[in-house]
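Commentary on secondary and tertiary structure
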Amino acid sequence: MTKMPTSFCREIPGLPWKAFCLWLGCLVAACQQPGPEPPPEPGDPPPTGSQPAEVVEAPPPAQDLEDARRLVAEGDLNGALNLLDDLRADSRENPDYWLLFGQTTLDFALLRRAQGERDGGLLQSLFLDAAQAFERAGEGGAPELEVALGTMRARYQGNQLQEAWQAAERLWSRLPAPPPPAWLLEIGQTGLALTVTQVQAGAPVPDAARLAEESYRRAWQAGESGAVVPLSDLLAWQGQNRGARDVLVAALTESADDATAMARLQNLGSNDAAGLVTDLEQIRQLWPDRPLLLWYLGAAHFNHQQSLRQSGDYLKAHQALDRAEENFLAAMNLEPQYQESCQQYLHLCRCARGWALREEGRSPEAAQVFQIALETAPHRLEGENQPGTLRLGIYAVVDDAMRAGDLKAVVAFLSRITAVHDANPDWQNNLGFASRDFGVLLLQQGKEEEAQDMFERSWLAYSRCVEIAGADARLINDRALISVYYLDHSWELAERELHRAIEVGVPALQALPAETSLDDRQNAEEAVGDAWENLAYLDVVRRGRLDRAEEFLANSVAYFPYEEGREGVRRIRQAMDRLKAARENPPAKPGD
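Residues numbered from 1 in each chain as written. Predicted model: local features only at pLDDT ≥ 70, side-chain atom pairs only at ≥ 80, totals over all residues. Heavy atoms only, no water.

**What about the side chain of Arg 464?**
- The topology assignment puts Arg 464 in helix 21 (residues 448-469).
- A polar contact of 3.1 Å, which involves the side chain of Arg 464, links it to the backbone oxygen of Asp 422.
- When neighbours within four sequence positions are excluded, Arg 464 is seen to be in contact with Asp 422, Ala 423 and Gln 428. (Helix = DSSP H or I, 4+ residues; strand = E, 2+ residues; numbered from the N terminus. Polar contact = N/O pair within 3.5 Å; in protein donor to acceptor, adjacent residues only side chain to side chain. Contact = heavy atoms within 4.5 Å.)

What follows is the structure, given as structure tokens:
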């Protein structure tokens, strides 16, 4: 069974068994020796053959340390630490031992963490053991460079940032020339972590930031590209946004394919859309065909158009959208893996252009753009009416045309929209409503044939609306109304649907919560009342039937807005009176 390494800073109480046996043997041997001789008198010569006592130190267990190093090289860190634990008693003054113990403990802790160790206390203890081992090696005369490097690493991993930085400063003062770039990165990393912690706590930027910055810059100059992003982060945490961006721009000018640096530049420029465009265009001058750069440049132009619209500069907003589209098209042509994200952005660009046109007061042109957006990518139609979406844009331009009284434009636009996407009940309802009202207008103008075409279109739109909207009393009634008032067919279907509207509407009305608003309650009542009224109209006006009409009308006026608000009920009663009078006094036949 393997055992976990013992922490040297927490000695086990009591005397170990091997030491106890050694002590007992010495005690027995001492009892067998003769007693001590009396001390010599002053001036007596020393006893014959006696020599001054000499302290002889045991040599360090070199071979045992080599065995531990071999285990480390083989990846058996646990075995190496167990062996080092066994050697501790004989190696307390050996700096090589403590350097090896510290490095092995640090590596073991990092390995356990990478393997998913969840005991934070255990990991923290191991990092502390490693740091103290390095410091003990320094007390024993180990090279200060190795001591400082090991201590910095162990303290950093243990999140003891002040102590880690003290070691980093000692390491900096002893760096060889030229210094290893990896060490420079570690010094910078330690200073960055301390800076972030201090700034987050509301403290001033520590002095460590300046030395960390120099360390990162020297690593970068030595060809270490990994210094770029953390150097930029370090400057950003000090509030030097422009300097942080300049570092990234300089690095991307050397190589435009660093996705991490590109994303960081986009983040730093999120509040300066125009500046970000300038930065990326500068890089593009040197790298005109890098798909990653083109993608980010397209996104930057898209974000810039939003700020331009907010400031009312619509000409430049449209130009920015043009540039965005150009870059996304180029990016996906160069890199097929960008196809989906570029297409999504192109959809957003079309939507943004439609909204920009509407904001300018150019709603008809906006409607054309929204139509193209839907026809180009119908699967990208959003599920909800969120700001800036195509779905909400369609609602907005329909509302604009309705307010302007341009029913012809509403019908034409919604006809094209529903031809592409016919599963939106609101759009089908609006198309049915606008077609009906436009048909009435055409009828008033004497254009009976065109009016009839509109009524038929209204019937089809309402039929699709009822099909996809489910059991809604108002929609069911509206569909039947078209047949009852404006068509010479489907009366039987209309009658069944009106009864269904009542069957659906009455339970829904009764189930309304007590806190339902007056408007919502009255709308529910009106749907039921309208259905009864339309049944009466179908009987009296379309069929010339009087036997059920009175019952239908009585039921109708029982619902909001009651008889005084139902002008249609009064007209039907008048029609009933005329029909009764005609039947009671039929016109004279010729020759009578």
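And the narrative resumes.
**Notes on the nonpolar core**
- Of all hydrophobic cores here, the largest spans 66 residues; its most connected members are Leu 280, Trp 295 and Phe 328.
- Looking at which element gives the most residues to this core, the answer is helix 14 (residues 291-310), with nine residues.
- Once residues lying within four places of it in the same chain are set aside, the contact partners of Leu 280 are Met 262, Leu 265, Leu 293, Tyr 296, Leu 297 and Ala 300.
- Grouped together as the second largest cluster of nonpolar side chains are 36 residues, Trp 355, Leu 390, Ala 434 and Ile 482 included. (Core = buried A, V, L, I, M, F, W, Y, C linked by side-chain atoms within 4.5 Å. Buried < 20%, exposed > 50% of the residue type's maximum accessible area, 1.4 Å probe, protein only.)

**Here's the deal with unusual backbone geometry**
- Residue Ala 177 is joined to Pro 178 through a cis peptide bond whose omega torsion reads -5 degrees.
- Mapped onto the secondary structure, Pro 178 falls in the loop between helix 7 (161-173) and helix 8 (181-200).
- A positive phi angle is found at Asn 159, which is not glycine, with a value near 60 degrees.
- Topologically, Asn 159 is positioned in the loop between helix 6 (144-157) and helix 7.
- The class for Asn 159 is exposed, based on a relative accessible area of 58%.
- Not every positive phi belongs to a glycine, and Ser 490 is a case in point at roughly 65 degrees.
- The residue Ser 490 is located in the loop between helix 22 (473-486) and helix 23 (491-510) in this model.

**Description of the packing of helix 7 against helix 9 (residues 208-221)**
- Running from amino to carboxyl end, helix 7 crosses helix 9 at an angle of 50 degrees, the nearest separation of the two axes being 12 Å. Regarding the angle of helix 7 to helix 9, the classification is oblique. Two packed elements cross with a definite hand, and for helix 7 against helix 9 that hand is left-handed. Contacts from Trp 165, Glu 169 and Trp 172 of helix 7 reach helix 9 at Ala 208, Leu 211, Ala 212, Glu 214, Ser 215 and Arg 218.
- In terms of residue class, the contact of helix 7 with helix 9 is built from five nonpolar, one polar and three charged. (Axes fitted to C-alpha atoms, helices over the stretch in contact; angles between N-to-C directions. Parallel < 35°, antiparallel > 145°, perpendicular 65-115°, else oblique. Left-handed = near helix turned anticlockwise from the far one by under 90°. Nonpolar A, V, L, I, M, F, W, Y, C, P; charged D, E, K, R; others polar.)

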